[in-house]
Structure formats: C-alpha cells, structure tokens
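# Observations on the model geometry
The chain contents come next:
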Amino acid sequence: GQSGSLTTQIIELGNTQLQGVEVNIGADGATNVDTFKTANYNGAVYDYILLDTTVGARTGQFMVIQDNGSIEFTDTSTPSLHSDATEPSISAQINGDDVEVQVTSGDGYTFKAFVKKL
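This write-up is about the structure you can find in this document. (Residues numbered from 1 in each chain as written. Predicted model: local features only at pLDDT ≥ 70, side-chain atom pairs only at ≥ 80, totals over all residues. Heavy atoms only, no water.)

Along the protein, the regular secondary structure elements total zero helices and 10 strands. Counting helices and strands in the order they occur from the N terminus, the protein gives β-β-β-β-β-β-β-β-β-β. Looking at the 118 residues of the protein, the share that counts as buried comes to 36%. Sequence-distant contacts, at least 24 apart, represent 58% of the contacts inside the protein between residues at least 6 apart. For the protein, the computed accessible surface area is about 6300 Å², with 50% contributed by carbon and sulfur atoms. (Helix = DSSP H or I, 4+ residues; strand = E, 2+ residues; numbered from the N terminus. Buried < 20%, exposed > 50% of the residue type's maximum accessible area, 1.4 Å probe, protein only. Contact = heavy atoms within 4.5 Å. Areas by Shrake-Rupley, 256 points an atom, 1.4 Å probe, with all protein chains shown as cover.)

See below:
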C-alpha cells in the first residue's frame, strides 16, 4: 500500500526509463516507493537516500531483477545513522503483474532515488 506522498519525473530512452522518485513515508508498515510492470522491465537500478526528519540517514544502490515469476534484490549501502529503535528496510516483491519496491519501518523518512529501469 501507499502511505505518504509520491513525486516522480520520467525520461524515456527507447526501452530504458530514467526516473526521479521522492516519497515521504508516513507509516512503519510496508510502503510502496516504486512500482513497475513485469511485462515492461526485467530489472532496475536505484541510487537512493533515506533521510529522516530527525536523526536518520542511509544512502546506497540497490538492484532488482525479475523473470518469469522469480525476483532477486541486492542492496549495497552505507551503515545507517538512526535514532529509531528499528532501522528502515528496503525490499522488492512481485504482486500480480507488478514489481513493488517497499520501505518498511520508515515512518518520518523520505526516500529519494534516481532509477534506471531496463
């Protein structure tokens, strides 16, 4: 589900999409920060930052690949700076015809990313 505000900017280059994403997360439950159709893209690379309104930050890059109902997710990031009891986590899943990228335990954080979908 979506909890928070979402801003995107999209540039299409053939079968590749470059996108700027910004989501203000308003809950600790799983919040979709990006979604794409499995029929349109097999993978995506995200250069991202998670930034809290108080003390909390992490930056890095994660990759998502999907094919025929299977999905893999890899995150390479800095150690987190955070004062919350639970550190936000990022994951991806297939839901019907969509790949959903989600942040959990991110209440009060902003997720910003440049995304390359391939």
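Next comes the rest of the description.
What follows concerns the packing of aromatic side chains. Across all of its chains, the model carries six aromatic pairs by this definition. Between Phe62 and Phe73 the ring centres are 5.1 Å apart and the planes differ by 35 degrees, which places this aromatic pair in the tilted class. Linking Phe62 in strand S5 (residues 56-67) with Phe73 in strand S6 (residues 70-77), this pair joins segments that are 11 residues apart in sequence. Overall, the relative accessible area of 24% leaves Phe73 in the partly exposed class. A residue is classified by how much of its surface remains accessible, and Phe62, at 0% relative accessible area, is buried. The rings of Tyr46, Tyr48, Phe62, Phe73 and Phe111 are connected pair by pair, giving a single aromatic cluster. (Phe/Tyr/Trp six-rings, centres within 6.5 Å; stacked < 30°, edge-to-face > 60°.)

If you trace the backbone, Gln93 turns up in strand S8 (residues 89-95). Taking the C-alpha atoms as reference points, Gln93 and Ile71, separated by 22 residues in sequence, lie 6.9 Å from one another. For Gln93, the contacting residues outside a window of four places in its chain are Ile71, Asp98, Val99, Glu100 and Gln102. A distance of 2.8 Å separates the side chain of Gln93 from the side chain of Glu100, its partner in a polar contact. (Polar contact = N/O pair within 3.5 Å; in protein donor to acceptor, adjacent residues only side chain to side chain.)

Geometric descriptors of this kind do not, in isolation, establish any biological role.
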